[in-house]
Amino acid sequence: MDIRIDEGLRAYIDPLTEDEHEALERSLLAEGCRDALVLWGDLLVDGHNRYAICKKHGIEFQTRQNTTFKSMEDVHLWMIENHLGRRSVSDFQRGVLALRKKEILLARTPPEGSAPADAAANGASADGSPPWDEDDTGAAGADNAPRLPPNISWTPPVPSRQALARAARISSNTLGQIEKIQKEAAPELVQAVKAGAISINAAAAVASLPPERQAAAVAGGRKELQQAAREVRLAKAPPPREAPPEVPIESIEDLPAEVARLRGVLTRVTEERDQLKKKVQHLTVALAEARQAISGGDD
């Protein structure tokens, strides 16, 4: 069967870097293509880089069909979930994929006031997980892939920002910053984030500047980007609070009472400080125990 390549689908996920592509090529030459390419009919869904390298060097490869897809949106959702499960994906890419997932789910959400589709009818499980768990061997079909009813696409509920961020393994704040970068950042700034020349946090700040100022900061290099981010943060920072005017000691009518009041304030603040120290100590111990448990589990 001839395999069909859709350029839009191939470009849906950020391409490999030159180093990553060379590493993949070395691996395929040394070990062959161990993982089957995923197809939807004759359309290649997953494995574009492996397919190109295998064709270039005449390396044999296997394919398997995923018959759960009912639309290109299903394909996109599957690709997003698949790539979010990989460790090599950067935080920025994770955020972009999570926001794409949100857009797809929002587009599938019925208009307000209309009756929502039943979860069982549209193939969504109770927890909103996708119905194409390829490790599920209890489903019908030669490829062990679960089946959706004909012409029905998977439509889980639209998750909150916190849930999207958690699934993408980034913080909710980071996801919000990535969303701002996508909406307001100049193309040059987006490329700088992808290249690691500026952090997501700093890029979100620089994105508040006019596009030409963003481009100039990128052209100036890392230091210029950091300076631009610092300027934005300083501009948004609230003005420093003025210290209350000092009262001459001669103007205090009841000096002993004022001294007693200040001693009470000092005692209260000291107690709060001591309580915070104890909390920090407890949290430090708990963190060390958690890290030790994680390290033990990895072994």
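Before any of the text, the structure's been laid out above.
Residues numbered from 1 in each chain as written. Predicted model: local features only at pLDDT ≥ 70, side-chain atom pairs only at ≥ 80, totals over all residues. Heavy atoms only, no water.

## Looking at the overall build of the protein
Applicable threshold: The way it works is that DSSP assigns letters per residue, a run of H or I at least four long becomes a helix, a run of E at least two long becomes a strand, and they are numbered from the N terminus. Exposed residues in this analysis have more than 50% of their type's maximum accessible area, buried residues have under 20%, and partly exposed residues fall in between, with area computed by a 1.4 Å probe over protein chains only. In this description, contact between two residues means that some pair of their heavy atoms is separated by no more than 4.5 Å. The protein chains shown are the only cover counted for residues, whose accessible areas, like all others here, come from Shrake-Rupley with a 1.4 Å probe.
Summing up its helical and strand segments, the protein has 12 helices and 3 strands in all. Put simply, the protein has 299 residues, and 30% of those count as buried. Sequence-distant contacts in the protein: of pairs separated by 6 or more residues, those separated by 24 or more amount to 69%. Working note: accessible area of the protein is about 19,500 Å², and carbon and sulfur atoms make up 53% of it.

## Focus: the pattern of salt bridges
We count it as follows: Each salt bridge in this description consists of a side-chain nitrogen of Lys or Arg and a carboxyl oxygen of Asp or Glu lying within 4 Å of one another.
Under the criterion given, the structure shown has 16 salt bridges. The partner of Lys183 in a salt bridge is Glu179, and the shortest N-O contact between them spans 3.6 Å. Separated by 4 residues within a single helix, Lys183 and Glu179 lie in helix H7 (residues 172–184), roughly one turn from each other. Residue Lys183 is classed as exposed on the basis of its relative accessible area, which comes to 66%. Exposure remark for Glu179: the relative accessible area of 15% places this residue in the buried category.

## Observations concerning the nonpolar core
Put simply, the test is: Put simply, buried Ala, Val, Leu, Ile, Met, Phe, Trp, Tyr and Cys residues joined by side-chain atoms within 4.5 Å make one nonpolar core.
Counting residues in each nonpolar core, the largest one holds 45 residues, and the members touching the most others are Met79, Phe92, Ile181, Leu189 and Ile198. Secondary structure elements with two or more residues in this core: strand E2 (43–46), helix H4 (72–84), helix H5 (91–108), helix H6 (161–168), H7, helix H8 (187–195), helix H9 (200–206) and helix H11 (222–236). Per-element accounting of this core gives the leading share, 7 residues, to H5. Excluding residues within four positions of it along the chain, Phe92 makes contact with Ile178, Ile181, Val190, Val193, Lys194 and Ile200.

Everything listed is a geometric property; what it means functionally is a separate question.
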